[in-house]
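Report on the structure
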Amino acid sequence: MAASELYSKYARVWLPDAAEVWKSAELIKDYTPGDLTLTLQLEDGTVVEHKIDPRTNNLPPLRNPNILVGENDLTALSYLHEPAVLHNLKVRFIDSRLIYTYCGIVLVAINPYESLPFYEPDIIKAYSGQNMGDMDPHIFAVAEEAYKQMARDERNQSIIVSGESGAGKTVSAKYAMRYFATVSSSSGEANVEERVLASNPIMEALGNAKTTRNDNSSRFGKYIEIGFDKKHCIIGANMRTYLLEKSRVVFQAHGERNYHIFYQLCASSHLPEFKAFKLGCADDFHCTNQGQSPVIDGVNDAKEMRNTRRAFSLLGINESDQMAIYQIVAAILHLSNVDVKDQSSDRSSILPDDVNLMVFCELMGVPCEEMAHWLCHRKLKTTTETFVKSFSKMNAVNGRDALAKHIYARLFSWIVGSINCALKSTVKQHSFIGVLDIYGFETFDVNSFEQFCINYANEKLQQQFNLHVFKLEQEEYMKEEIPWTLIDFYDNQPCINLIEAKLGILDLLDEECKMPKGSDDTWAQKLYNTLLKQNAHFDKPRLSNTAFIIHHFADKVEYQCQGFLEKNKDTVNEEQINVLKRSKVDLLLKLFEDDDKATSSTSKNTSVVGRAGQAQRDNKKTVGLQFRQSLHLLMDTLNATTPHYVRCIKPNDQKASFTLDPVRAVQQLRACGILETIRISAAGFPSRWTYQEFFNRYRVLMKQKDVLPDRKQTCKNLLEKLIRDHDKYQFGKTKIFFRAGQVAYLEKLRSDKLRMACVRIQKTIRCWLARKKYLRMRESAVTIQRHVRGHQARCYVKFLRRTRAAVVIQRNVRMWVTRRRYQQQRSAAITIQCFLRVYMAKKQYYKLMFEQKAVVIQKWVKGWLARQYYKRTVAAIILLQSCVRRIRAKKELKKLKVEARSVEHFKKLNIGMENKILQLQHKINEQHKENRELSERLNVVEKTWTVEREKKSREIEDLRRSEQEARAKAETLPSLLEQLSFLQHELENTSREKQDLEEQTKIYKEQTEQVVEELNMKNSLLSSEKDELNKLILDQAQLLTDIKTNVMNTEQMEKDLAEERTRYQSLLSEHLHLEERHRDLMEEMNLSISSSKSGHKKTDSNYSSNSSEFSQSLGSTEGEDSSVQTEDKTQLTVDLPVLLKLQRKVKELEQEKQSLWQQLDKREEAQQEKAKQVEEQRTVGRAELDLETLKRQELESENKKLKQDLNELRKSLTNESSKLAPPAPGSKPYNILLEQLSSSNEELEMRKEEVLLLRSHMVRQEALKHKDSALGGGVKLDLSDSPSFQNVGRSADIHTLNEDGELWLAYEGLKETNRLLECQMQEHERVNNEKCKKLLEEVNKLKKEKEQQQKLLAQSLSLPEGARIGASLNHEITRLTNENLELLEQQEKQDKTIRKLKKQLKLYVKKVEDFEASAQQKNNAPVMNAPVRAVNITRKEKEYQGMLEYRQGDESRLLKNVVTDLKPRGVAVSFIPGLPAYIIFMCLRYADIVNDDQRVSTLLNSTISSIKGVIKRRGDDFEVVSFWLANTCRLMHCLKQYSGDEVVMTQNTAKQNEHCLTNFELSEYQQVFGDLAIQIYRQLIKCVEDILQPLIVASMLEHEAIQGVLGSKPTGLRKRSTSFPQGAVTVEALLQRLGLFHTTMCQHGMDSDLIKQVVKQQFYIICAVTLNHLLLRKDMCSWSKGLQIRYNVWQLEEWLAEKDLACCGAKETLEPLVQAAQLLQTKKKTEADAQAICTMCTALTTAQILKVLTLYTPVIEFEERVPTTFITTIKNLLKDRVESSTLMMDTKKIFSITLPFTSSSVALETIQIPASLNLGFLTRI
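Cut-offs applied
Residues numbered from 1 in each chain as written. Predicted model: local features only at pLDDT ≥ 70, side-chain atom pairs only at ≥ 80, totals over all residues. Heavy atoms only, no water. Helix = DSSP H or I, 4+ residues; strand = E, 2+ residues; numbered from the N terminus. Contact = heavy atoms within 4.5 Å. Pairing = 2+ DSSP bridges. Axes fitted to C-alpha atoms, helices over the stretch in contact; angles between N-to-C directions. Parallel < 35°, antiparallel > 145°, perpendicular 65-115°, else oblique. Left-handed = near helix turned anticlockwise from the far one by under 90°. Nonpolar A, V, L, I, M, F, W, Y, C, P; charged D, E, K, R; others polar. Expected span 1.5 Å × (residues − 1). Buried < 20%, exposed > 50% of the residue type's maximum accessible area, 1.4 Å probe, protein only. Patch = residues over 30% accessible without salt bridge, like charges linked within 9 Å, V, L, I, M, F, W, Y side chains within 5 Å. Areas by Shrake-Rupley, 256 points an atom, 1.4 Å probe, with all protein chains shown as cover. Salt bridge = Lys/Arg side-chain N within 4 Å of Asp/Glu carboxyl O. 1 Å grid on protein atoms, 1.4 Å probe; cavity = no way out; pocket = protein on both sides within 12 Å on 5 of 7 lines; lining within 4 Å. Points joined across faces, edges and corners; volume = space filled by probe spheres on them. pLDDT = per-residue confidence, 0-100. Phe/Tyr/Trp six-rings, centres within 6.5 Å; stacked < 30°, edge-to-face > 60°. Lys NZ or Arg CZ within 6 Å of the ring centre and 35° of its normal. Lys, Arg positive; Asp, Glu negative; His and termini not counted. Charge placed at Lys NZ, Arg CZ, Asp CG, Glu CD.

A look at the overall build of the chain
Along the chain, the regular secondary structure elements total 55 helices and 25 strands. Counted over contacts in the chain with a minimum sequence separation of 6, partners at least 24 positions apart contribute 74%.

Quick look at the sheet that holds strand β23 (residues 735-738)
Across the sheet, which stays open at both edges, the three strands sit in the order β21-β23-β22 with antiparallel pairing between neighbours. With partners counted over all chains shown, the strands left at the sheet margins are β21 (687-690) and β22 (729-731), one partner each. Across the sheet, the mean angle from the axis of one strand to that of its neighbour is 20°, orientation sign disregarded. Bridge count for β21 against β23 is four bridges, and the pairing is antiparallel. Its bridge partner being in β23, S687 is matched across the sheet by F738.

Looking at the packing of helix α13 (residues 393-423) against helix α19 (residues 574-581)
Interaxial distance between α13 and α19 falls to 10 Å at its minimum, and their mutual angle equals 50°. Relative to α19, the element α13 is oriented oblique. Seen along the crossing, α13 lies across α19 with a hand that is right-handed. Judged by residue contacts, G399, L403, H406 and I407 of α13 engage Q576, I577 and L580 from α19. Across the contact of α13 with α19, the residue classes break down as four nonpolar, three polar and no charged.

A short note on helix α2 (residues 82-95)
Over its 14 residues, α2 runs 19 Å from end to end, which matches the ideal 20 Å to within 8%, given 1.5 Å per residue. Taking burial as the measure, the 14 residues of α2 include ten buried ones, the bulk of the element. Within the span of α2, buried status applies to E82, P83, A84, V85, L86, N88, L89, V91, R92 and F93. Following α2 by one or two positions, R97 has its phi on the positive side, about 55°.

Quick look at a nonpolar patch on the surface
A contiguous nonpolar patch, built from I761, I765, W768 and L769 and spanning about 420 Å² of accessible area, is present on the exposed surface. One can find I761 in helix α28 (residues 742-902).

Thoughts on the pattern of salt bridges
Counted by the stated rule, this structure contains 40 salt bridges. Ionic pairing is found between E164 and R664, a salt bridge with its closest N-O pair at 2.3 Å. Here R664 lies in helix α24 (residues 662-672) and E164 lies in the loop between β7 (157-163) and α5 (169-183), a separation of 500 residues in the sequence. Each of the two residues, E164 as well as R664, counts as buried. Across the pair E370 and R582 runs a salt bridge, and its minimum N-O distance is 2.5 Å. With E370 in helix α12 (residues 368-375) and R582 in the loop between α19 and α20 (586-592), this residue pair connects regions lying 212 residues apart in the sequence.

Some thoughts on empty space enclosed by the protein
Inspection of the entire model under this criterion finds nine cavities of 30 Å³ or more. Taken as a whole, the largest cavity encloses approximately 140 Å³ of empty space. Along the wall of the largest cavity there are 15 residues; nearest its centre are L98, D136, P137, H138 and K1747. Listed by contribution, the elements that provide at least two residues to the lining of the largest cavity are α3 (121-127) and α54 (1742-1751).

A few points about the pairing of strand β1 (residues 12-17)
As judged from the six bridges shared by β1 and strand β2 (residues 21-27), these two strands associate in the antiparallel manner. Among the inter-strand pairings, V13 is bridged to a residue of β2, identified as A25. In this antiparallel pair of consecutive strands, β1 and β2, the connection spans three residues.

A word on the confidence of the model for the chain
Within the chain, residue pLDDT values average 79, and 79% of them lie at 70 or more. With pLDDT under 50 throughout, residues 1216-1220 is counted as low confidence; its partners more than four residues away or in other chains account for zero contacts.

Overview of the packing of aromatic side chains
Throughout the structure, instances matching the rule amount to 38 aromatic pairs. For the ring pair F449 and F564, a centre distance of 5.6 Å and an interplane angle of 90° mean the geometry is edge-to-face. Of the two residues, F449 sits in helix α14 (residues 449-480) while F564 sits in helix α18 (residues 564-569), which places them 115 residues apart along the sequence. F564 carries the same exposure label as F449, and that label is buried. Here the aromatic rings of F548 and F564 are separated by 6.1 Å at their centres, their planes lie at 70°, and the arrangement is edge-to-face. Linking F548 in strand β18 (residues 547-551) with F564 in helix α18, this pair joins segments that are 16 residues apart in sequence. For the pair shown, F548 and F564 are each scored as buried. Taken together through their ring pairs, the aromatic side chains of F118, Y119, Y127, F140, Y147, Y175, Y179, F180 and F228 make up a single cluster. Over the ring of F465 we find R647; its NZ or CZ atom is 4.8 Å from the centre of that ring.

Quick word on unusual backbone geometry
Of note, R97 is a non-glycine position whose phi angle comes to about 55°, a positive value. On the secondary structure map, R97 appears in the loop between α2 and β5 (100-103). Residue class for R97 comes out partly exposed when judged on its relative accessible area of 35%. A positive phi angle is found at Y113, which is not glycine, with a value near 50°. Along the chain, Y113 falls in the loop between β6 (106-110) and α3.

As for a negative patch on the surface
On the surface, a cluster of negative charge is made up of E926, E930, E933 and E936. Note on placement: E930 falls in helix α30 (residues 913-968). A relative accessible area of 43% means that E930 is categorised as partly exposed.

Set out below in structure tokens:
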């Protein structure tokens, strides 16, 4: 592949950058070979020119495709180089907040400087048992891989954790050890894991300190070997330490601290036990205040001190040794404060009253004077004399500090030895896993001896790492059988030789230390002279003669020679040590008692012996030599193990969370060997794909004809076409190997192909959209033109119409104007005439009426005065009447109130009071309406009165004016008298009419007032009733609220009950686990005792000590203690009261719950009792009917025999083939035959009559029986005419028929038969009529449908083509919907009918069984009294009592056959469900009948022990556990069903109630069996989990229904362990397993409620395991995987619906998984999307939502990553949510189980004992 193809336009490359190390850029012009520059554009838009060196022609490294960015494994990247590694780590660390990344066999861990929820126990469970490539990178994955390889390969393992200070090495090692302690349990020794973990806080306290780079930096190296036995359980551990930084004890740089133990001790100085140490604040001591940083943020030193003391105690270090340790540490603190006074240049002294020295000597138990003397002096020895020489102040201070360092180093070594002794195991170690926590490569401004040793160790580790990586690469190539050449990799052996070889740096250093006058300067000159020109890795600085440079594998480091000799010799004043050896402190004596042994110990390699003389000085090992030896030992250990590498990276120096400094990161990547691993991988074939993976990913690059059945050949053909250079790839046996960059090239081809396909699809769609838009626009234009033309035509027609209308209007208007003018003139003339005539008439009338009005006025005035008096009188009378009536009304109201109170209780009980209130309210409204109408009428009358009154007043005024006119016109009076008399007469008539009208009005008013009063009374009564009813409603509302509160309290109690049940069941499981463990220990103890005794006979362990075991298991119910329980007595005293309380509480709550259902049960019982009474009444006449039936059968058999004889006789007479001829007519034989024939006919006739009589009698009895039924209701038997029902004798006519009246009876029977037939005919006719009606309805319906279809057809024909199709579709949908609704209604009706018929069938079956049983008992007497005729007698079956008799002592045989040796499969298939439970209960009934309590207890105890033994031995067999769970529940239900409880007895049959236990009350055993059922249920769930665990992830997450639809991403070196379609586990396999579980439980007869609970638990396990793996696998968080999960969940829901388990609650347990799948598929861009996600994901916690969004990874190029701003938005929206902060779902959670009682319909007396069970010693009674 040419460079021009890769470096084309838009290709992205990496450019070097000073600040960011590498910067991304994009080519804006194609590169052609020979160009000297590349034109690039940076991400910020800047255009730059990158120069190319023409000599090397090195182009900038290419960027990987976006699809490969953020991969779990760096080796999955197509381009393997430094910028790709750095960018991938940056994306994972900052954007995805993932701190772990694989780099081949190395785990890269970046310190997040933040507490993360990645190390919880549920995470450990999720990684346990998983392959390394299956889950996201994690320290637990490395630990699991080491543990698995140790168990599988039987080879020791080691985990090498390295990195610079602050990178997180100690934390990683700690979590690795925690993982081993969690996944493995201790063997034989208790709390081994806790002790191994307890060593961490001790070593951190004494060996860790705060530095400028890390708050908890390990200042020593350690290698911990965790030992395992053959069962791979932790049995102990051993620790080795390397190069403790002793100088920190006396010196700390600014911002650093001394070792944590000093500050912890100072923070706890206020405690009473530490008062004698005379400590104070850490700032008071010189060795703790130099760094001026005594406090670490977020760390409580006093609390850490408590943890350290707790760890010491846990490791078995006694209190006196602990106090001695703290005493020595306190003494070192005081020693640092000892003040040395300067007397002269070479003399110094310490004041005798120095407080700190006195406290130091007091704590160390040494003389103060001697210590003060030897702190300022030293002893020099020659061959003849000994001299004492004084120190200068500086030398004295150095000696003081050396003593402090030496004491602390010895103390540290002793503590490490004590820890190793505490962790040492007595059991032989089978294998081990070593965890190496060692310093990484270090380079500072000033590098000294410590950095030299550290970098030397890293050189050795890097060499071992390179060799291991190279070895793995070559092994992979050889395994795949591909040609390979030797990969050139960096070998740092020359650098190692420079350090450790002969005449190397360490050798020269040791030689210089032996010289009497050796110094750092002379040693530096020796280095220059010996190594400068001979070794390329050694160099000399230009400006220094006391330093040297070593070219390490990571970088070149300059070391300052000053202090090398002193640190290497590690000298201390011998006399000071001698003073300490005379100490009174025992621990101090132990530290110095054996210097030689302490020096040679590898675990105490940091300690150095004191010099006792020249011989000792010569033989003393230097620090460098000790370190070299221990390092060689470490390398030998590592080489003998399988290494696993963890490289810790420190992201920045500011300890900022999730912030990556590229410069610092690249430095560490180069130093830790990550880039060397990348270089080795890139030199070979870094990208590796299986053939199926390659086919699935690049299927789009093939044509259909290129796809062959052989996937391998298909891939080969494709690669030969795509990549011409065959050296760029190799074909292995199972994989294809690619050179670096080839996968990126293939991805580019795939992306281009997909992009072209997208363009083609877009082109087609855009063409279709444009054409559709054009056609729509054309159609719109034609439509607009049509409407415009129509509008113009309509406007023209409108103009013509308006013109014609205007002419017509003008003509009519002119005619109207002329006619109107004429009419106005005529009307004016008539009006003038009218007014004139009126005026003349009025003038004449006023003249005549003047005098008459005066008289009228007088009359009216007098009348008005009289009426006024009358009205006042009437008003007074009415007032009196009102008062009297009011008094009476009050009395009546009081009386009504009393009556209302007396019937108040009845009104409360009245249910229909609301309707009555509504009726009364309606009535009140009607009365108000009538009252309103009456008041309106009254107002109208009053208005008429006022009008008349005003009219009269006006008349009076007119009369006055008339009187004046009359006086003036007195002369006209005579002429008007006649008219006046006439008018007076009319006025009288009018006044009479007015009086009548007033009287009528008055009467009406009184009636109206009376009606109004009555209405008011009624209204008041109704209002009072309304108030009372309102009160009643309020009372009822209060009652309803009380009921609601009671319901809420009940629900709360049910919740509390569920929680209490869960706690009880968990305590029960723990108790049973401890019980089993105790039993196992007792068995082991008994076996050991029995093996020690000779001649002891071995007994059956399954059935020995049953009573003792049972008493142990029944400690919560019976309170018995056996001898076996003595050792576990304390445990039982703790558990039993809790269990008893929980049992009592559960029992009380269950009783309360049952009492709520008793009312409904009583109603059903009453109905059943009524039904039984009816049956008893109907069975009264059955005896006689049965007798008659028997007679009829007898007579019919006789008739049959006679007919047979007659036929045989006829045959014999007519048989022509017989040897003898038939007798001739008239002969004697002929006559004899005729006589026999006639007698036979007569007898036959008699038998027919008898049969007829019997049938009639039976018909009458049947009619009597069915008289109450629907059919018999129409049959009316007139029994008064029957002779058998009369008190009077028969009439004469009846007597004349025959003697016994049999013919009459036959006649009556025939009439009754006819009536029955008539009723049947009527019934048939009614049925036929109903059928006809239904047929007619269907015909009418069809006609209507036909008419509708015709209408729709006509309408559709008138519509255009598109609308016609839509209309027909709508019609078809409507029709199908109606048909579906009708079919659903019919189905519901049929279901109801079927259920009803089933219930009736069950009742009829019971009735028939009871009838047959009673008939068999009553048939014997009539049969014995029958005439001497042959009757077929059937043998009566023996009646059993439902119990099994057994001899005492046969319990073991019984349980051996029924429990221990029983095979569930044969029993479940062949016999009734629960047969063992029924057999045991039938034996229990026998023990109850014989009243033998010993048998009862023995049988039940042995049963429990046997079932427990079976579950213990075969607890991993689902079929066995399910079988015994079903039988245990059935036995528990039998104990309750036959206990004699009245509530339960109502559900039993009469026969079952007879079988109830009579002598013993076994309710306590019901609780025991319930606890046993709970134990078996938990074992069943555990068994289910073990079976489903391997299937869940493979079927729910990894399997794809259609392989290669969306492709798969490259996975790098860590391939997923699951196979592809040949061995894939599908959802169908999971469903098949679930179906097998369900079928097995149903076959075993398990209760349906229990099956539902098991299924719910199964689905919870599926959801929890799937979601946990989804949260821990970045490769599974994609859009396509969400689609696959939703499809798989849909299949699970369909399975539930198919098994009729949709309502069991299992569907709800899948809700978190469904929401996680929806979260993967929903939009994740805007704030609205964030709101929708928060609303949708209610079943997921905030941590889970953020984790899914963080892990979301695009699988194809067209998906986008989730922006960090969107994740921040989600986090802000969910911050107020109150929920658990855990990330993982608890897969071990088991829902609380309820065992509802279900009675059995199986009759015990009908159970047959199969012969295959070998229970011949049992006898049915």
